[in-house]
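Report on the structure
Below, each chain spelled out in residue letters.
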Amino acid sequence: MFRFPRTAVRRYGIGAAVLALATAACTPTEAEPQATTGGGDVSISITPEAGTSEVVPNTPVRVSAEGGTITEVRVDQDVSEEAGSEEPALGEMTGTLGEEGADWVSDWNLRPGARVTVTAVAEGEDGTETEEVAEFTTLAAGAEQGLDLASNFPNSGQTVGVGMPVIVDFTQPVTNRVQVENSMEVTSEHPVPGSWRWLSETRAVFRTEEYWEPHQIVTVDMHLAGVEASEGVYGLRDYRLEFEVGRELIATMHVPDHEMIVSVDGERQRTIPVSNGAATTDFNTTTSGSHVLMSHHEREEMDSSTTAIPDGLPGYSTVVSYAVRTTNSGEYVHEASGNPNIGTANTSNGCTNLRMDDALWFFENTLRGDVLETTGTDRQVEWDNGWSYFQLEFDEWLAESATGEPQLTDGNGTPGPVYGEGL
């Protein structure tokens with residue numbers, strides 16, 4: 001199938017700027033078409049039909065031509081102030097043309113509360129062009145019936161490491177997960193298989209089969225406008241997230257060796273003496289597995305009262321410098337100048353202790369999304385402890401995707417339709 005080209009969309013700002021949806025055309029010609037309204041041997045039909053009101057937004061726009069070939073389709077969406085539109089200038093609606101050129105269907109859903117004008121042009125065998133126009137309105141979605149983006153990681157404009165997942169939080173619970181997954185298209189300069197997985201009713205996470213290729217731009221187009229997240233709840237607007245995957249930084253530790261090796265783009269950059277967990281209990285055992293660096297804190301309080309510390313272990317409360325978080329359960333790579341066993345013995349409460357100069361270097365030279373691969377302990381990090389999603393084989397991750405199919409990040413679309421069932 002020929003796919004009408006998708007043009008660039010504006011960035012949003014949550015970490016980006018709200019992007020609105022709309023106008024689209026197939027491949028334009030240099031000269032304006034000499035169109036007629038009806039006439040000739042070509043007839044064009046458009047659905048939804050002209051004059052229809054309150055069309056559910058997750059209804060596809062369909063155009064068919066009898067006796068000719070479709071040469072242009074434009075979908076203009078005008079959202080009134082009453083519908084809550086903060087940005088009347090709309091983006092572009094793209095569509096897919098059938099192999100014979102006689103059928104066209106929109107790729108994405110319609111904006112709620114919009115006055116929609118569909119303009120279609122088809123060319124007959126004699127070169128005569130026929131134009132058909134249909135106008136209709138879509139059902140509005142109020143604040144309580146609207147799905148929006150609550151937050152996302154990473155933010156637009158950020159540079160991240162090769163292990164970075166895409167984490168999206170919504171303002172409403174999502175039950176129609178297939179349609180929502182298919183509305184979120186991930187594109188990278190070096191295409192790879194990946195998949196969304198739902199961690200809660202409101203959180204979806206995308207990870208790749210392997211780590212990202214370094215030195216590339218990744219774009220996430222969230223075509224949320226009009227998608228029915230649950231019964232009667234429709235997406236309000238579209239978003240674009242764009243970030244850069246930087247150099248490949250992989251840190252490795254075999255805990256019994258008391259050192260961390262940091263490699264950048266395959267070359268060793270630094271060998272850092274460390275002291276890891278004493279491993280007298282599960283609590284103070286450093287976890288093995290694939291960790292993704294989550295956040296950087298110049299100063300961080302380590303307080304055992306915030307954790308489920310076992311009876312018999314002494315409590316602690318201290319402030320450390322240059323702490324880089326690796327799990328939700330409280331593991332960090334951080335400065336511990338008072339630990340005399342760095343480089344010789346494992347005596348921490350589970351964190352990775354570094355000397356001040358090494359801790360500062362690690363803090364300044366690592367990014368959110370960089371990878372720490374740890375071996376040599378009998379405690380594995382849980383796949384959902386922090387961003388340790390690569391603990392799961394990709395098949396296991398994919399099994400919990402709503403679509404059940406991988407999404408190739410090549411910009412050629414998502415695994416399935418975004419519309420409501422039977423539409």
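Residues numbered from 1 in each chain as written. Predicted model: local features only at pLDDT ≥ 70, side-chain atom pairs only at ≥ 80, totals over all residues. Heavy atoms only, no water.

The next point concerns the overall build of the protein chain. Counting secondary structure elements, the protein chain contains three helices and 30 strands. The proportion of buried residues among the 423 residues of the protein chain is 51%. Looking at the protein chain alone, contacts between residues at least 24 apart form 71% of all its contacts between residues at least 6 apart. Accessible area for the protein chain stands at about 18400 Å²; split by element, carbon and sulfur atoms hold 45% of it. (Helix = DSSP H or I, 4+ residues; strand = E, 2+ residues; numbered from the N terminus. Buried < 20%, exposed > 50% of the residue type's maximum accessible area, 1.4 Å probe, protein only. Contact = heavy atoms within 4.5 Å. Areas by Shrake-Rupley, 256 points an atom, 1.4 Å probe, with all protein chains shown as cover.)

Further remarks concern the sheet that holds strand β28 (residues 352-354). Judged by pairing direction, the sheet is mixed, and its four strands sit side by side in the order β25-β26-β27-β28 without closing on themselves. The sheet is open, and its two borders are formed by β25 (295-303) and β28, each paired with just one other strand. Each strand of the sheet is rotated relative to its neighbour by a mean of 35 degrees, with strand direction disregarded. Sheet strands touched by helix α2 (residues 356-365): β25, β26 (317-325), β27 (332-335) and β28. Its angle to β26, the strand with the most contacts, is close to 45 degrees. (Pairing = 2+ DSSP bridges. Axes fitted to C-alpha atoms, helices over the stretch in contact; angles between N-to-C directions.)

Left-over empty space is what a probe sized like a water molecule reveals as it rolls over the atoms. Under the criterion given, the structure shown has two cavities of 30 Å³ or more. Estimates place the volume of the largest cavity at around 50 Å³. In this structure, the largest cavity is lined by 13 residues; those nearest its centre are T286, T326, E331, T352 and L372. Here the second largest cavity defines a volume of roughly 40 Å³. Top element by residues in the lining of the second largest cavity is strand β15 (residues 193-198). It accounts for three residues. (1 Å grid on protein atoms, 1.4 Å probe; cavity = no way out; pocket = protein on both sides within 12 Å on 5 of 7 lines; lining within 4 Å. Points joined across faces, edges and corners; volume = space filled by probe spheres on them.)

Quick look at the side chain of E335 now. Topologically, E335 is positioned in strand β27. Buried charge without a salt bridge: E335, with R299 as the nearest opposite-charge side chain at an N-O distance of 7.2 Å. Among the polar contacts listed, one links the side chain of E335 to the side chain of S337, at a separation of 2.8 Å. Sequence-distant contacts of E335, defined by excluding residues within four places in its chain, comprise V320, S321, Y322, L354, M356 and A359. (Lys, Arg positive; Asp, Glu negative; His and termini not counted. Salt bridge = Lys/Arg side-chain N within 4 Å of Asp/Glu carboxyl O. Polar contact = N/O pair within 3.5 Å; in protein donor to acceptor, adjacent residues only side chain to side chain.)

A few words now on the confidence of the model for the protein chain. Of the residues in the protein chain, 85% reach a pLDDT of 70 or more, and the chain-wide mean stands at 88. Note on residues 1-38: pLDDT is under 50 here. Beyond four places in sequence and across chains, it has 128 contacts. A low-confidence stretch, residues 82-90 stays under pLDDT 50, and its non-local contacts, those more than four residues away or across chains, total 18 contacts. (pLDDT = per-residue confidence, 0-100.)

We now examine the sheet that holds strand β18 (residues 228-230). Strand order in the open sheet made by the three strands is β10-β19-β18, with mixed pairing throughout. Every interior strand has two partners, whereas the edge strands, β10 (146-147) and β18, have only one. With two bridges joining them, β10 and strand β19 (residues 233-235) adopt parallel strand pairing. Bridging from a neighbouring strand, L147 pairs with G235 of β19.

What follows covers a negative patch on the surface. Taken together, the side chains of E209, E210, E393, D395 and E396 define an acidic patch exposed on the protein surface. The topology assignment puts E396 in helix α3 (residues 394-399). (Patch = residues over 30% accessible without salt bridge, like charges linked within 9 Å, V, L, I, M, F, W, Y side chains within 5 Å. Charge placed at Lys NZ, Arg CZ, Asp CG, Glu CD.)

Further remarks concern the nonpolar core. Core analysis: the largest hydrophobic core is formed by 41 residues, its most contacted members being F170, W196, W212, M222 and F243. Every element with two or more residues in this core is listed here: β13 (166-170), β14 (184-188), β15, β16 (203-208), β17 (216-222), β20 (239-245) and α3. Counting 25 residues, the second largest nonpolar core, distinct from the first, contains I70, V79, F136 and Y419. (Core = buried A, V, L, I, M, F, W, Y, C linked by side-chain atoms within 4.5 Å.)

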